[in-house]
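Residue strings, one per chain:
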Protein chains: 2
Amino acid sequence: MMKLAAIKGRNRVIIERVTPELDGGRFFIKSVPQETIPVKADIFCDGHDKTAARLLYKHQSENKWSEVPMRLINNDRWQAEFIAQKEGFYHYTIEAWVDHLASWEHEITLKIRDAQHVSSELLVGANLLEKAAAHAPQEDKKAILEVVKIFRDESRYDDAVVNAISERLVKWIDLYPIRENVSRYHELKLWVDRPKAGFSTWYSMFPRSASKEPGQHGTFRDVIDLLPRIQRMGFDVLYLTPIHPIGNQFRKGKNNNVLCQPGEPGVPYGIGSELGGHDAIHPELGTLEDFKALIEACKAHGMEIAMDLAIQCSPDHPWAKEHPEWFKIRPDGTIQYAENPPKKYQDIYPINFETEAWQSLWEELKRIIFLWAEWGVRIIRVDNPHTKAFAFWEWVIAETKQTYPDMLFLAEAFTRPKVMQQLAKGGYSQSYTYFTWRNTKAELTEYMTELTQEEMRYYFRPNFWPNTHDINPPFLQTGHEPNFLIRYFLAATLSSNYGIFGPTFEYMVHEAFPGKEEYWNSEKYEIKHWDWEQTNKLTYVITQVNRARKENVALQHTNNITFCEVYDEQLMAYLKIQGDNQILCVVNLDGYNRRGHMIKIPIQKIDKAGWEEYIVHDLLTDSKYVWKGELNYVELDPYFLPFHLFRIEEVVSKEVGV
Amino acid sequence: MMKLAAIKGRNRVIIERVTPELDGGRFFIKSVPQETIPVKADIFCDGHDKTAARLLYKHQSENKWSEVPMRLINNDRWQAEFIAQKEGFYHYTIEAWVDHLASWEHEITLKIRDAQHVSSELLVGANLLEKAAAHAPQEDKKAILEVVKIFRDESRYDDAVVNAISERLVKWIDLYPIRENVSRYHELKLWVDRPKAGFSTWYSMFPRSASKEPGQHGTFRDVIDLLPRIQRMGFDVLYLTPIHPIGNQFRKGKNNNVLCQPGEPGVPYGIGSELGGHDAIHPELGTLEDFKALIEACKAHGMEIAMDLAIQCSPDHPWAKEHPEWFKIRPDGTIQYAENPPKKYQDIYPINFETEAWQSLWEELKRIIFLWAEWGVRIIRVDNPHTKAFAFWEWVIAETKQTYPDMLFLAEAFTRPKVMQQLAKGGYSQSYTYFTWRNTKAELTEYMTELTQEEMRYYFRPNFWPNTHDINPPFLQTGHEPNFLIRYFLAATLSSNYGIFGPTFEYMVHEAFPGKEEYWNSEKYEIKHWDWEQTNKLTYVITQVNRARKENVALQHTNNITFCEVYDEQLMAYLKIQGDNQILCVVNLDGYNRRGHMIKIPIQKIDKAGWEEYIVHDLLTDSKYVWKGELNYVELDPYFLPFHLFRIEEVVSKEVGV
């Protein structure tokens, strides 16, 4: 039997289907400061009474809830918004109740219109208003109680009727609700990251290839020398592959050769040697002091370092001796190396996250992250997070953010959709995506819709990469310059977070390992020497696009996209709007042919009528065109530039000669 | 800080997005015995290990869980089914874990195919198999341990390899999983109603109109005399409007006249007089003994009585004197009558569910229901449940079903969608629907899809009514016989639960109160006299359709519907399939014109190939047609019959002369 005492029998309002809410509140949603959080819910009660609802929210540092009245959209769906100003956790929830005063107002108005005598109703109203007055500030309280008096005074009936249907009474009802038998939803959480989580521009490189001298092992000091160049191109995150000592046993040679020649540098992901593990620095790159100097130099150039966290070991890693319990042990007592049967990777020992000693393992990994944080690192790119336990990430990210709330984590998971989603739910600030393999208009539109218009928008922040040091996609294996331009432009304008694998991309390196999506002579296995002074069309475009991203807030968001119809399957167009800043990107996905067609602008989105003119101003070429209404013509020659990066501007004069 | 001790750090498998699950498990789903419950979930773990999952379920009377292995559908979505055999509550949930033995089997197979030496792997496998053997029954245990011995015996290497990739090993892995670090979803609930909840055929009437003598007040004994006729037509639920004493104060006259003439019988919904309230019986209908006799007579005719629960009072109801605290009190101390401003209903006192005395109110209402149950009533049709608190219904239905698990509740709520859904979630066995106003093919298809293909299918059992004593829909106000036939056929074949408002429907009464969807000279306000012997086309069709419903299990379900394309917007066709029973309904929604067109049968659903012939056998006319493949021609003349009720049958001989 259900005990009546355990039931809130007088609470008549139901609150359901709240969005955003992840898995019943199990996970928090994410934003950056100043982002508007729209909260919707089904809210209704039995019968015909009016309902009132408030969205409640507060920052973790606050005791008092802030409130926003919710408004009915339609079909019992309500909405309100709040803007999270501060970084850190916010709590939010909804309260709703039967609004007896509003119901009373509705009914007495109908009766007065019907010329009914409403003495009795006025007395009911007087009692309700008296309750409402209790919540009103002094001045309004006085005014309300004056009305109460009139309602109760039979001799002032006409006056009472006028007051009963007055504007100010409606306003009071709204301002000073009688909150009795309030239904309250469970509390939900929002994590507000620092702005970089929402807008970042990544340049990735192997620091050992930074030397200006051919054949020299690059150092942190060499990287410092490159910073002005990378800054000039507009990047603000410099992501370095692992900087730890590299193992010797089973070290891999050029092109992943299992036989390593003497003097070959090895793979930075074969972490750990007698010189140390994840808490040590590869001596050929420099000292810890050098690394800290690099971190400082980055700051001076408006950039940050992103460290690479690859939780795996070479056979020479100190953990292999000190903590064999963190690995799988083979029947012969040796540690189990990595396998993807029938392939063997004897240079890598994977960690066994199912170990009985998981607690000491987790603590050690946390120690590493905290150590890096002490060095000054505030961004961590995690290598293959999807091969480590979800529970570990959720814990270690939460622990880290409690001490270092400004720490950001990028998940390098290229795996099944639900696994990638789960990592993001578990706390990752940003995630690599399938963008690298989405080439056609249909693919890109569908994928962007999933990322930005559905539930993922609340927890999964995409970071788009046209290539990485591991991935040389077929579209770029062509080496065709327009293809590089197209893929670059899409990454940098579709997503507010994007990155490139440094010189390899800029200089359009494209030779693939036969039959694979990897680079031939991959930098993973050897030291490269680059002509760091070289510029080309790509570096020019990168510089211009990154400047436009800095100057146009619409490009600093990802979820603000609207696709436009273009009647050519290779021409793609999308609007990005943030406040007054309206950006229109048009891309010719065909890198080999000039394409021209009509494009249909959703003009209500840019606040234009069908007859109105406006200017589309190409921020890359500085050309301006006068457009009018919905349908306008675009033509793009990939051998010139396969895209327009338009800002939509007002026609202020006849400056363009129409 | 998150305490590690509070975390299940070794549980690597995630279970998410389980269906069916209502509001995070807040509400139970529903079925009838023998119904298959498909349970789906996203199940995945980090890395590349294999996962195993079991659906667990048990009846409330059982201690032990039954288990069904779940299978991967695609994209980390898994599924299994269970069949709830018994009535009452079932619990169900999911367990999942990393299947190390399956991972091992997968990997060793690849290595053996690659001709690698696998001694070490065999030893690993031996340890795993030993664990698995612990769960195996004696015979298999012996066999498994024999294999373990072979795996550990270097001298029997070839034998071991053969065993490692043997069929029986794969079977053992499936049968005797090693369940360690098991992730378990929270428990969900299913309520299994008795079969009548899923398949019922309602006949509604005012018992006071049951007399054979004009001008006589009908009695329960008169109703008993009508039972053979109602049974013959195929109905199994006889729903009676309220049978309690009717109030005198403000009693309504013919056609809702506020001035009642002496001798007018009043509205049965104005419940209560000095003779009693909801626990008393209107003396003109007979005694409690007569009513119990009716209940027994119904049983003898394969029928059941449905009582009408209208929680409201006439001013003469005993509660008005004894429990004024259950009503709203006006400033002058009188009880607030019902209003829909500017309209007043002074003959009705609504109950105030926000009363501080809600606990005694709830207990009294429960007492009424339990009293009726003691009289033998097992079906209650609730009048306007949406004007009473949701929490009350959830409580009182749960309380009732604990003592009377066979009690069924039908919600007569015609209101906003979410309110109707909430009542169903709260425990109602069946619900009235918008069917009454869904006339076009598009409307019907969309509504049926919402009811049967989406979440509602798990908790909202529709009951379709072409008319009710309150609703005379415009489509029937025409009085056009084919229209009555069409609406009847749709109700009886789209939904396994349907009802009609008795003689008014049969005899095509259609005159409306001017400008309203109500009957002129409505039976609510007066006693009618019917010629109970009269039959017509409608009564013939009702009898035939109800017979077909009894003989064809496909018509005893609602969610088993598939719409067929027909290239005419007034022709509608749908398949209903249950096991081997395949029913095809074709309806001409145009009651005035003969319509003919091609209909496209989704032949994979009826297990036919494009070249195969099959028979469509009209169960109403006994005509048979030989059809072939997808596209076939149908023509329907509304003046003959505006529908086919086909059973799809095999061609067994050349009986139809092709």
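All figures in this text were calculated on a predicted structure; none of them were measured in a lab. (Residues numbered from 1 in each chain as written. Chains lettered and ligands numbered in written order. Predicted model: local features only at pLDDT ≥ 70, side-chain atom pairs only at ≥ 80, totals over all residues. Heavy atoms only, no water.)

**What to know about the overall build of chain A**
Part 1: If you tally the helices and strands in chain A, you get 16 helices and 30 strands.
Part 2: C-alpha extents for chain A along the principal axes are approximately 110 × 75 × 45 Å.
Part 3: Across the 658 residues that make up chain A, the buried fraction comes to 60%.
Part 4: Considering only residue pairs separated by 6 or more positions, chain A has 75% of its internal contacts joining residues 24 or more positions apart.
Part 5: Surface summary for chain A: the accessible area is close to 26400 Å², and the carbon and sulfur share equals 51%. (Helix = DSSP H or I, 4+ residues; strand = E, 2+ residues; numbered from the N terminus. Buried < 20%, exposed > 50% of the residue type's maximum accessible area, 1.4 Å probe, protein only. Contact = heavy atoms within 4.5 Å. Areas by Shrake-Rupley, 256 points an atom, 1.4 Å probe, with all protein chains shown as cover.)

**A closer look at the sheet that holds strand β23 (residues 561-566) of chain A**
All names here are of chain A.
Part 1: Reading across the sheet, the 8 strands line up as β28-β27-β30-β25-β24-β23-β26-β29 and stay open at both edges, with antiparallel pairing between neighbours. Looking along the sheet, the strands with just one partner apiece sit at the ends: β28 (624-628) and β29 (631-636). Put simply, the sheet's adjacent strands are angled 35 degrees from each other on average, direction ignored.
Part 2: Bridge count for strand β27 (residues 613-618) against strand β30 (residues 643-649) is 4 bridges, and the pairing is antiparallel. By the bridge assignment, valine 616 is partnered in β30 with isoleucine 648.
Part 3: Set on the sheet, helix α14 (residues 481-494) makes contact with β23, β24 (571-578), β25 (581-588) and β30; between it and β24 the angle comes to about 25 degrees. (Pairing = 2+ DSSP bridges. Axes fitted to C-alpha atoms, helices over the stretch in contact; angles between N-to-C directions.)

**Describing helix α3 (residues 138-152) of chain A**
All names here are of chain A.
Part 1: Relative to the 21 Å expected for 15 residues at 1.5 Å per residue, α3 spans 21 Å between its end C-alpha atoms, a close match to the ideal helical length.
Part 2: Looking at α3, one finds that the buried residues are Ile144, Val147, Val148, Ile150 and Phe151. Viewed along the axis of α3, the buried residues span an arc of 160 degrees, placing them on a single side of the element. Opposite its buried face, α3 presents the exposed residues Gln138, Glu139, Lys142 and Lys149, each directed more than 90 degrees away. (Expected span 1.5 Å × (residues − 1). Arc of directions from axis to C-beta.)

**Side note on the interface of chain A and chain B**
Part 1: Listed as interface residues are 66 residues of chain A and, on the opposing side, 65 residues of chain B.
Part 2: Summed over both partners, the interface of chain A with chain B buries about 6000 Å², with 54% contributed by carbon and sulfur atoms.
Part 3: Among the residues chain A hides against chain B, the three largest losses belong to A:Leu4, A:Glu354 and A:Lys418. Together they make up 14% of the total.
Part 4: Joining chain A to chain B, the criterion identifies 10 salt bridges.
Part 5: One salt bridge in this structure joins A:Lys425 and B:Glu16, with 3.3 Å as the shortest N-O distance.
Part 6: Seen at the junction of chain A and chain B, the total is 20 residue pairs in polar contact (both at pLDDT 80 or more).
Part 7: Those elements that place two or more of their residues in the side of chain A that touches chain B are β1 (13-19), β3 (36-45), α1 (100-113), α2 (119-133), α9 (358-375), α10 (390-403) and α11 (417-425) of chain A.
Part 8: In terms of residue class, the side of chain A that touches chain B is built from 25 nonpolar, 15 polar and 26 charged. (Buried area = accessible area lost by both parts, 1.4 Å probe. Salt bridge = Lys/Arg side-chain N within 4 Å of Asp/Glu carboxyl O. Polar contact = N/O pair within 3.5 Å; in protein donor to acceptor, adjacent residues only side chain to side chain. Nonpolar A, V, L, I, M, F, W, Y, C, P; charged D, E, K, R; others polar.)

**Brief notes about the pattern of salt bridges**
Residues and elements named next belong to chain A.
Part 1: Enumeration according to the criterion identifies 106 salt bridges over all chains in this entry.
Part 2: Note that glutamate 526 and lysine 254 form a salt bridge whose closest N and O atoms lie 3.2 Å from each other. Of this pair, glutamate 526 sits in the loop between α15 (502-506) and α16 (537-551) while lysine 254 sits in the loop between β12 (237-240) and α7 (288-300), and the two are 272 residues apart along the sequence.
Part 3: Lysine 254 sits in the partly exposed class, given a relative accessible area of 39%.
Part 4: A network of salt bridges, in which partner residues are shared, links Arg54, Glu67, Glu95, Arg179, Arg184 and Glu187.

**Digging into the pairing of strand β8 (residues 88-98) of chain B**
Residue and element names in this part refer to chain B.
Part 1: Judged by how many residues are buried, β8 sits mostly within the fold: 10 of 11 residues are covered.
Part 2: Looking at chain direction, strand β4 (residues 51-59) and β8 are connected through 9 bridges and run antiparallel. Pairing of alanine 52 across the sheet is with tryptophan 97, part of β8.
Part 3: With 2 bridges connecting them, β8 and strand β9 (residues 183-184) associate as antiparallel partners.

**Some details on a nonpolar patch on the surface**
Part 1: A contiguous nonpolar surface patch, about 380 Å² in accessible area, is contributed by A:Tyr567, A:Met598, A:Leu631 and A:Tyr633.
Part 2: On the secondary structure map, A:Leu631 appears in strand β29. (Patch = residues over 30% accessible without salt bridge, like charges linked within 9 Å, V, L, I, M, F, W, Y side chains within 5 Å.)

**Brief notes about the state of the cysteines**
All names here are of chain A.
Part 1: Using the criterion set out here, one finds 0 disulfides over all chains in the structure.
Part 2: Unpaired in terms of disulfides, cysteine 313 finds its nearest cysteine sulfur in cysteine 260, a separation of 19 Å.
Part 3: Here cysteine 313 falls in the buried class, since its relative accessible area comes to 0%. (Disulfide = S-S within 2.5 Å.)

**A word on the relation of the copies chain A and chain B**
Part 1: For the pair chain A and chain B, the superposition axis carries a translation of 0.1 Å, the fit reaches an RMSD of 0.2 Å, and the rotation angle comes to 180 degrees. Taken together, the rotation and translation relating the two chain copies correspond to the operation of a two-fold axis. The rotation axis passes nearest to the C-alpha of A:Gly24 in chain A, at a distance of 3.3 Å. (Least-squares fit on C-alpha atoms with pLDDT ≥ 70 in both.)

**Some words on the packing of α14(A) against α16(A)**
Residues and elements named next belong to chain A.
Part 1: One can describe the packing of α14 onto α16 by two numbers: an axis separation of 11 Å at closest approach and a directional angle of 15 degrees. In this view, α14 runs roughly parallel relative to α16, as classed from their interaxial angle. Handedness of the crossing formed by α14 with α16: right-handed. In this structure, α14 uses Glu481, Phe484, Leu485, Tyr488, Phe489 and Ala492 to contact α16, whose residues at the interface are Lys537, Leu538, Val541, Ile542, Val545, Asn546 and Arg549.
Part 2: A class-by-class count of the residues in the contact of α14 with α16 yields 9 nonpolar, 1 polar and 3 charged. (Parallel < 35°, antiparallel > 145°, perpendicular 65-115°, else oblique. Left-handed = near helix turned anticlockwise from the far one by under 90°.)

**Things to note about the sheet that holds strand β6 (residues 71-74) of chain B**
Part 1: With antiparallel pairing, the 4 strands of this open sheet are ordered in space as β1-β3-β7-β6 (chain B). Strands with a single pairing partner mark the edges of an open sheet, and in this sheet they are β1 (13-19) and β6 of chain B. If you compare each strand with its neighbour and ignore which way they point, the axes differ by 35 degrees on average.
Part 2: Bridge count for strand β3 (residues 36-45) of chain B against strand β7 (residues 77-83) of chain B is 7 bridges, and the pairing is antiparallel. When the bridges of β7(B) are listed, B:Thr36 appears paired with B:Ile83.
Part 3: Against the sheet, α11(A) contacts β1, β3 and β7 of chain B, and its axis sits at roughly 70 degrees relative to β3(B).

**Notes on the confidence of the model for chain A**
Part 1: Scored by pLDDT, chain A has a mean of 96; 99% of the residues are at 70 or more.
Part 2: In the model output, the complex is listed with pTM 0.95 alongside ipTM 0.94. (pLDDT = per-residue confidence, 0-100.)

**Some remarks on the packing of aromatic side chains**
Part 1: In this structure the tally under the stated criterion is 80 aromatic pairs over all chains.
Part 2: For the pair A:Phe291 and A:Trp375, a centre-to-centre distance of 6.0 Å together with 75 degrees between the ring planes defines the contact as edge-to-face. Placement of A:Phe291 in helix α7 and of A:Trp375 in helix α9 is noted, with a sequence separation of 84 residues between them. Residue A:Phe291 shares its accessibility class with A:Trp375, and that shared class is buried.
Part 3: Members of the aromatic cluster, connected to one another through ring pairs, are A:Phe353, A:Trp358, A:Trp362, A:Phe392, A:Trp393, A:Trp395, A:Phe409 and A:Tyr428.
Part 4: Seen from the ring of B:Tyr447, B:Arg438 lies directly overhead, with NZ or CZ sitting 5.4 Å from the centre. (Phe/Tyr/Trp six-rings, centres within 6.5 Å; stacked < 30°, edge-to-face > 60°. Lys NZ or Arg CZ within 6 Å of the ring centre and 35° of its normal.)

**Overview of the packing of helix α6 (residues 220-232) of chain A against α7(A)**
All names here are of chain A.
Part 1: Contact geometry of α6 with α7 gives a least axis separation of 9 Å together with a crossing angle of 10 degrees. By the angle between their directions, the pair α6 and α7 is classed as roughly parallel. Between α6 and α7, the residues in contact are Phe220, Arg221, Val223, Ile224 and Leu227 and Glu289, Asp290, Phe291, Ala293, Leu294, Ala297 and Cys298, respectively.
Part 2: Classifying every residue of the contact of α6 with α7 gives 9 nonpolar, no polar and 3 charged.

**Side note on the environment of B:Ala133**
Residues and elements named next belong to chain B.
Part 1: Its place among the elements puts alanine 133 in helix α2 (residues 119-133).
Part 2: On the accessibility criterion, alanine 133 (1% relative accessible area) is buried.
Part 3: Each C-alpha atom of the pair alanine 133 and proline 177 lies 9.1 Å from the other, and the pair is 44 residues apart in sequence.

**Structural notes on unusual backbone geometry**
Residue and element names in this part refer to chain A.
Part 1: Of note, the bond from threonine 19 into proline 20 is cis; its omega dihedral lies within 30 degrees of zero at -5 degrees.
Part 2: Tracing the backbone shows proline 20 in the loop between β1 and β2 (29-31).
Part 3: Its identity is not glycine, yet asparagine 75 carries a phi of approximately 50 degrees, on the positive side.
Part 4: Relative to the elements of secondary structure, asparagine 75 occurs in the loop between β6 (71-74) and β7 (77-83).

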